[in-house]
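Here is what each chain is made of, one letter per residue.
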2 protein chains.
Amino acid sequence: MKKILIIGAGLSSSSLIKYLLDNSEEHNWKVLIGDLSEETAKKKVNNHPNGEAFKFDINDSQKRDKLISEADIVVSMLPASMHFSVAEACVRFGKNMVTASYVSKEIRTLDEEAKKKGVLLLNEIGVDPGIDHMSAMQVIDRIREQGDEITEFESNTGGLVAPKYDNNPWNYKFTWNPRNVILAGQGSCSQFLHNGKFKYIPYNKLFERTERINVLNLGEFEVYPNRDSLSYRSIYGLKNVDTMFRGTIRRPGFSRAWNAFVQMGATDDSFVYQDSENHTYREFINSFTKFSANKNVEQKVADYLKLDIESEIMYKLRWTGIFEDKKIGLKNASPAQILQHLLEEKWSMDLDDKDMIVMQHQFVYKQNGVKKKLYSSLVVYGEDQTHTAMSITVGIPVAIAVKMILTGKIKETGVKIPIEKNIYQPVLKELENYKIKFIEEEVDWSEEVTGI
Amino acid sequence: MKKILIIGAGLSSSSLIKYLLDNSEEHNWKVLIGDLSEETAKKKVNNHPNGEAFKFDINDSQKRDKLISEADIVVSMLPASMHFSVAEACVRFGKNMVTASYVSKEIRTLDEEAKKKGVLLLNEIGVDPGIDHMSAMQVIDRIREQGDEITEFESNTGGLVAPKYDNNPWNYKFTWNPRNVILAGQGSCSQFLHNGKFKYIPYNKLFERTERINVLNLGEFEVYPNRDSLSYRSIYGLKNVDTMFRGTIRRPGFSRAWNAFVQMGATDDSFVYQDSENHTYREFINSFTKFSANKNVEQKVADYLKLDIESEIMYKLRWTGIFEDKKIGLKNASPAQILQHLLEEKWSMDLDDKDMIVMQHQFVYKQNGVKKKLYSSLVVYGEDQTHTAMSITVGIPVAIAVKMILTGKIKETGVKIPIEKNIYQPVLKELENYKIKFIEEEVDWSEEVTGI
């Protein structure tokens, strides 16, 4: 029996573990699942005879080394910052490893040693990064093989609540780590290339630099720029494109309303808000406004943001409860933590709610001197609160990669991401069995008159 | 002869060195001046028989230890981050030390050991911090001794070009380190207390949260908040005040025009602008704007900032040359460095220009149940390009402190700042000989109707 070691059994591991257990009989696999919480791991195994759940702390280096040395392949579903100690041990013991996270600088340093040992460290094979890379490269390679030249590339992804359950004025619910949503865009300037010109957007302008897109029959969405689009020119081999843009998808109106919190300073995570436990949300938001002897807090916020107090954005803000005289009740919290606490009540998924993943690539390419435009779009719906769209789209590609490595279909070594045909092609093909299938549309190309 | 060791002979040391040399005959002092540039040090000594200039690199720890062990007192005029190695050696060799910089966390750790060794590390005795502390504490202590209660405190300081030489549309020239001006307000949220309420201002709102003040007969100024005002409640012993605010003084209109650069992203120092050497300033500012097929760069900037293209702010921007098709010529520069490069040409002082320091404290206090308001204001003009207002107001208090320590008038030990009467009183008294004299005005108190 081949042993698959999975480290981390959180939400994102559900569909991954199910796939591997479902296929364990056929392939003669044993699936070992370690998590800080034994209960969480046990729940995912669900008494499957080929599964084994146990408590495991990655900081226990003795146990880590024992587990990894005895495994045939290792999947790390830990937070990205914890992958390195797993990867280092995998290289040491000559074991292949798969993650759904971005390749960190530290992981990259293992490339040479991994090659020497004949070890593959396959990363970025979840959804974003993961399915985005594979589906983009499939089209890019095909256009190139046709002898055509790609001049523009844009790729947008979002995790949202499915339309049927989309019933709040923000058209948004948390379907993934809320903290990442609160801090989105912070840290450094967004950078991309548009019509041959480099574009830079600071955090304070990010959420008003949106564009509209249509995805299949789902209607309109809006997109705000991700932080780093420029590095994808070399990753995808698109060094000469005029436009290279990656963005995050929301429903129209979300970004400009979110921008109200950004402008006020309420997303700041760099300092502790004084006496956060005893202040109310109304006092909290008031502390960012300008003094006025005559206005109430709502009027101060509206005027400060140059908004009509009856505007849609002010309505969205009121709906969150930010103006309510309700105690925050969080000790020593930053503004970002306070805002997250408030929104976790309002933007949480109900028990029967389902999420969705929306992804769309846009390609412009030259064919015999004529510009053509192609959309490639994906929508995936969650099945329930365990097998969410996020869990499926992160976990199934990881699981397929594990199967392909164990069955000898992937033979690469070193630190890799799935941008090569021999990896992405079979993975994308099998993903279609899980309703993860891109739909292509040829659209008319015309000179842009608006843009980000 | 007593030996005074001065480390660092830059602009801020000019008046300090002159004072010490002028007084060296009377007090039998030898003034030793070490700088990375021997020439700079020699210029400041100007062949004075009691002065000695030499090349000195603070990283040469052997020479550092030799110099400090042979000195009677040490003045560090190095950049603030370099004080610690001097302070540590001073404690080790039992030597007193004076700086004009904020007490860092590292320096604070030396307090106990310094007290054990009977060593004084006196910091924050320049202008801001320095004269601001001393002059504020003099009034605070006096009001308290009258039995009255301070309810509000505000303190503002600015380094500006003197009115006679104030001839550009920004009413501003660099009179100090330009980089600090470009990066002002970055890094963390501004925090203060106003009418009993905590107020927080993020960087993107800072330069539109200004108030107007009048200083003596110099007319109107505007003030934007410094980053940290809250900590001054405990430093000044004003724990129960309703208002605690410290700000930076500019001429009216400066901040809102500067805000244009902030909003665009042109003050960002966190990334390298692509191909900065070969781009023009026009291309640079265009890279922050939103795409438009029909507008020129000026119109895009104006629309992006919601400004009339003929507005005063747009006029100020145009004046800087930011829209000119002139090559930047700086390699691998951040936006902040590019902007500094541009402004150093435009905002530099002419050879005959003189600078000024403006400082104003505002106190509100209760006397027999009646609220009173008091202004205490200072204006200092530079004498020339060597003895600038900045150099005088930083250097003379440091020099006076050195004299008082050497003559036994200051006997404290440990890590100190000049907030105690036995230090600030004689220093402020002597500063009057150098035209550094605060003027007090009682003004009517009335309930605020506007504010920051």
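All values derive from a computational prediction rather than experimental measurement. In this numbering scheme, every chain counts its residues from 1 along its sequence in written order. Chain letters and ligand numbers both follow the written order, the letters beginning at A and the numbers at 1. Given that the model is predicted, a residue must reach a pLDDT of at least 70 before its local features are reported, and side-chain atom pairs must reach 80 or more before they are shown or counted; all residues, however, enter totals for whole chains, interfaces and linings. No hydrogens and no water enter the side-chain calculation; it runs on all heavy atoms of the structure.

**Q** I'd like a description of the overall build of chain A, backed by residues and values.
**A** Scanning chain A from N- to C-terminus turns up 18 helices and 16 strands. For this measure, only C-alpha atoms enter the radius of gyration; the expected value for a globule follows 2.2 Å times N^0.38, where N is the number of residues. Against the 2.2 N^0.38 benchmark of 22 Å for 452 residues, chain A shows a C-alpha radius of gyration of 23 Å, consistent with a compact globule. Principal axes of the C-alpha set define a box for chain A whose edges measure 75 × 60 × 40 Å. The 452 residues of chain A split such that 60% are buried. In what follows, a contact means two residues having at least one pair of non-hydrogen atoms within 4.5 Å. Once local pairs closer than 6 in sequence are excluded, the contacts in chain A between residues at least 24 apart make up 71%. Asp and Glu are treated as the negative residues and Lys and Arg as the positive ones, with His and the ends of the chain left uncounted. We put the charge of a Lys on NZ, of an Arg on CZ, of an Asp on CG and of a Glu on CD. The centroid of the 59 positive side-chain charges in chain A is displaced by 2 Å from the centroid of its 63 negative side-chain charges. Secondary structure follows DSSP: runs of H or I at least 4 residues long count as helices, runs of E at least 2 residues long count as strands, and numbering of each begins at the N terminus. Relative accessibility under 20% of the residue-type maximum defines a buried residue, over 50% an exposed one, and the middle range a partly exposed one, all with a 1.4 Å probe and only protein chains included.

**Q** So, the relation of the copies chain A and chain B: which residues are in play, and what are the values?
**A** Comparison of the two chain copies shows a relationship of rotation about an axis with a shift along it. Expressed as a screw operation, the relation of chain A to chain B combines 0.1 Å of axial shift with a rotation of 180 degrees, fitting to an RMSD of 0.1 Å. Seen this way, the second copy is the image of the first under a two-fold rotation axis. Considering only C-alpha atoms, the residue of chain A closest to the rotation axis is A:N204, which sits at 3.1 Å. Least-squares fitting of one copy onto the other uses the C-alpha atoms of those residues that reach a pLDDT of at least 70 in both copies.

**Q** Explain the interface of chain A and chain B to me, using residue names and the numbers behind them.
**A** Taken together, the contact between chain A and chain B spans 43 residues of the former and 42 residues of the latter. Simply put, the buried area is the total loss of 1.4 Å probe accessible area from both parts when two parts are fitted together. Buried surface at the junction of chain A and chain B, both sides included, amounts to about 3,500 Å², of which 51% is carbon and sulfur. Whenever a carboxyl oxygen of Asp or Glu lies within 4 Å of a side-chain nitrogen of Lys or Arg, that contact is scored as a salt bridge. Counting across the interface, chain A meets chain B through zero salt bridges. Counting of polar contacts relies on pairs of N or O atoms within 3.5 Å, with two restrictions inside protein: one atom must be capable of donating a hydrogen and the other of accepting it, and residues adjacent in sequence are counted only when both atoms are side-chain atoms. Scanning the region where chain A abuts chain B turns up 20 residue pairs in polar contact (both at pLDDT 80 or more). When contributions to the side of chain A that touches chain B are tallied by element, the ones reaching two or more residues are β8 (190–194), β9 (197–201), α10 (203–206), α12 (254–264) and α14 (297–304) of chain A. In terms of residue count, β9(A) provides more of the side of chain A that touches chain B than any other element does, five residues in total.

**Q** Got a sec to walk through a positive patch on the surface? Specific residues and values, please.
**A** Patch members must show over 30% relative accessible area and no salt bridge, and they are joined within 9 Å when carrying like charges or within 5 Å when they are nonpolar side chains of Val, Leu, Ile, Met, Phe, Trp or Tyr. All accessibility values rest on the Shrake-Rupley procedure with a 1.4 Å probe; residue burial counts only the protein chains present in the view. A grouping of A:R256, A:K306, B:R256 and B:K306 is seen on the molecular surface, where their side chains present a positively charged patch. By the secondary structure assignment, B:K306 is in the loop between α14 (297–304) and α15 (312–320).

**Q** Outline a negative patch on the surface, listing residues and values.
**A** Taken together, the side chains of A:D275, A:E277, A:E283, A:E324 and A:D325 present a region of like negative charge at the surface. Among the structural elements, A:E283 can be located in helix α13 (residues 281–286).

**Q** Any chance you could break down α15(B) for me, citing the residues and the numbers?
**A** All names here are of chain B. Residues I313, M314, K316, L317 and T320 constitute the buried set of α15. Down the axis of α15, the buried set is contained in an arc of 160 degrees. They therefore lie on one face. In this fold, the buried residues of α15 make contact with α12 (254–264), α14 and α16 (335–346). Backbone geometry just downstream of α15 places G321 in the positive-phi region, at approximately 90 degrees. Taken from the helix axis, the directions to the C-beta atoms give the arc we talk about.

**Q** Tell me about the pairing of strand β4 (residues 73–76) of chain A, and please be specific about residues and values.
**A** All names here are of chain A. Alternating positions in β4 separate into two faces, I73 and V75 on one and V74 and S76 on the other, with burial throughout. In this description, strands pair whenever DSSP reports at least two bridges between them. Relative to β4, strand β1 (residues 2–7) runs parallel, the two sharing four bridges. Note on β4: the bridge partner recorded for I6 is V75. Pairing geometry for β4 and strand β5 (residues 96–99), over four bridges, is parallel. Paired with V75 across the strands is V98, a residue of β5. Here, the term right-handed applies to a crossover whose path from the first strand over the helix to the second runs clockwise when the strands point away from the viewer. Since β4 and β5 lie parallel, the crossover through helix α5 (residues 83–93) that links them has a hand, and here it is right-handed.

**Q** Requested: an account of the pattern of salt bridges, with residues and values cited.
**A** Using the criterion set out here, one finds 50 salt bridges over all chains in the structure. Here A:E298 and A:R282 are joined by a salt bridge, their closest N and O atoms 2.9 Å apart. Note that A:E298 is positioned in helix α14 and A:R282 in helix α13, a separation of 16 residues in sequence. Residue B:E345 pairs with B:K326 through a salt bridge whose shortest N-O separation is 3.1 Å. Placement of the pair is B:E345 in helix α16 and B:K326 in the loop between α15 and α16, with a sequence separation of 19 residues. What you see here is one network of salt bridges that share partners, running through A:R64, A:D65, A:E88 and A:R92.

**Q** Outline the domain arrangement of chain A, supporting the account with residue identities and numerical values.
**A** When the parts come together, some accessible area is lost, and that loss is often what is quoted as the size of the interface. Residue and element names in this part refer to chain A. Domain ranges listed in this record stem from an automatic or a database domain assignment. We note that the domain assignment places domain 1 (2–122) and domain 2 (131–256 + 351–444) within chain A. Residue-level contacts link 32 residues of domain 1 with 32 residues of domain 2. When domain 1 packs against domain 2, the two sides together hide about 2,600 Å² of surface, and 74% of this comes from carbon and sulfur. Broken down residue by residue, the surface that domain 1 buries against domain 2 is led by Y19, L120 and L122, which jointly contribute 25%. Along the contact surface separating domain 1 from domain 2 lie zero salt bridges. For the pair domain 1 and domain 2, the interface holds 11 residue pairs in polar contact (both at pLDDT 80 or more). Secondary-structure elements contributing two or more residues to the side of domain 1 that touches domain 2 are β1, α1 (14–22), β4, β5, α6 (105–108), α7 (111–117) and β6 (120–122).

**Q** Which residues make up the packing of aromatic side chains, and what values do they have?
**A** Two aromatic rings from Phe, Tyr or Trp, using only the six-membered ring of Trp, form a pair when their centres are within 6.5 Å; if the ring planes differ by under 30 degrees the pair is stacked, by over 60 it is edge-to-face, and anything between is tilted. Tallied over the entire structure, the rule returns 46 aromatic pairs over all chains. Ring geometry for B:W170 and B:F254: centres 5.7 Å apart, planes at 70 degrees, overall edge-to-face. Of this pair, B:W170 sits in the loop between β7 (149–161) and α9 (178–183) while B:F254 sits in helix α12, and the two are 84 residues apart along the sequence. Accessibility assignment for this pair places B:W170 and B:F254 in one class, buried. Ring pairs connect the aromatic residues A:W170, A:Y172, A:F174, A:F254, A:W258, A:F261 and A:W347, which therefore count as one cluster. Distance and angle both matter: a charge sits over a ring if NZ of Lys or CZ of Arg is within 6 Å of the ring centre and within 35 degrees of the ring normal. In this arrangement the basic side chain of A:K205 is found over the ring face of B:Y304, its NZ or CZ atom lying 4.4 Å from the centre.

**Q** How would you explain helix α5 (residues 83–93) of chain B if you had to name every residue and give the values?
**A** Among the residues of α5(B), B:H83, B:V86, B:A87, B:A89, B:C90 and B:V91 are the ones counted as buried. Backbone geometry just after α5(B) places B:G94 at a positive phi near 70 degrees.

**Q** So what's going on with the sheet that holds strand β2 (residues 29–35) of chain B? Residues and values would help.
**A** Residue and element names in this part refer to chain B. Strand order in the open sheet made by the seven strands is β3-β2-β1-β4-β5-β6-β15, with parallel pairing throughout. What marks the edges here is a single partner per strand, and that holds for β3 (51–55) and β15 (414–416). The mean angle between the axes of side-by-side strands here comes to 15 degrees, regardless of whether they run parallel or antiparallel. Sheet topology note: the strand β1 (residues 2–7)/β2 ladder contains six bridges and is parallel. Its bridge partner being in β2, L5 is matched across the sheet by L32. Here, axes are lines fitted to C-alpha atoms. For helices the fit covers the stretch in contact, and angles between N-to-C directions go from 0 to 180 degrees. Each of β1, β4 (73–76), β5 (96–99) and β6 (120–122) is contacted by α5, which is oriented at about 160 degrees to β5, the strand it contacts most.

**Q** Residues and numbers for the packing of helix α8 (residues 131–145) of chain B against helix α18 (residues 421–431) of chain B, please.
**A** All names here are of chain B. With their axes 10 Å apart at the nearest point, α8 and α18 run at an angle of 115 degrees to one another. Our classification of the angle between α8 and α18 gives roughly perpendicular. The way α8 lies across α18 gives a crossing that is left-handed. Taking contact as the criterion, the partners of I131, M134, S135, M137, Q138, D141 and E145 in α8 are, on α18, K421, Y424, Q425, V427, L428 and L431. Each residue is assigned to one class: nonpolar for Ala, Val, Leu, Ile, Met, Phe, Trp, Tyr, Cys and Pro, charged for Asp, Glu, Lys and Arg, and polar for all the others, Gly among them. In the contact of α8 with α18, the residues fall into seven nonpolar, three polar and three charged. An angle below 35 degrees is treated as roughly parallel, one above 145 as roughly antiparallel, one from 65 to 115 as roughly perpendicular, and anything else as oblique. Two helices cross in a left-handed way if the nearer one is turned anticlockwise from the farther one by less than a right angle. They cross in a right-handed way if the turn is clockwise.

**Q** For the environment of A:G321, give the residues involved together with the corresponding values.
**A** Of note, A:G321 is situated in the loop between α15 (312–320) and α16 (335–346). Contacts of A:G321, omitting those with residues within four sequence positions, involve A:Y281 and A:L342.

**Q** Explain the sheet that holds strand β3 (residues 51–55) of chain A to me, using residue names and the numbers behind them.
**A** Residue and element names in this part refer to chain A. The strand order across the open sheet built from seven strands is β3-β2-β1-β4-β5-β6-β15, with neighbouring strands paired in parallel fashion. Both outer strands of the open sheet, β3 and β15 (414–416), are each paired with one neighbouring strand and no more. Within the sheet, the average angular offset between the axes of one strand and its neighbour, ignoring direction, is 15 degrees. Taken strand by strand, α5 contacts β1, β4, β5 and β6, and its axis lies near 160 degrees from that of β5.

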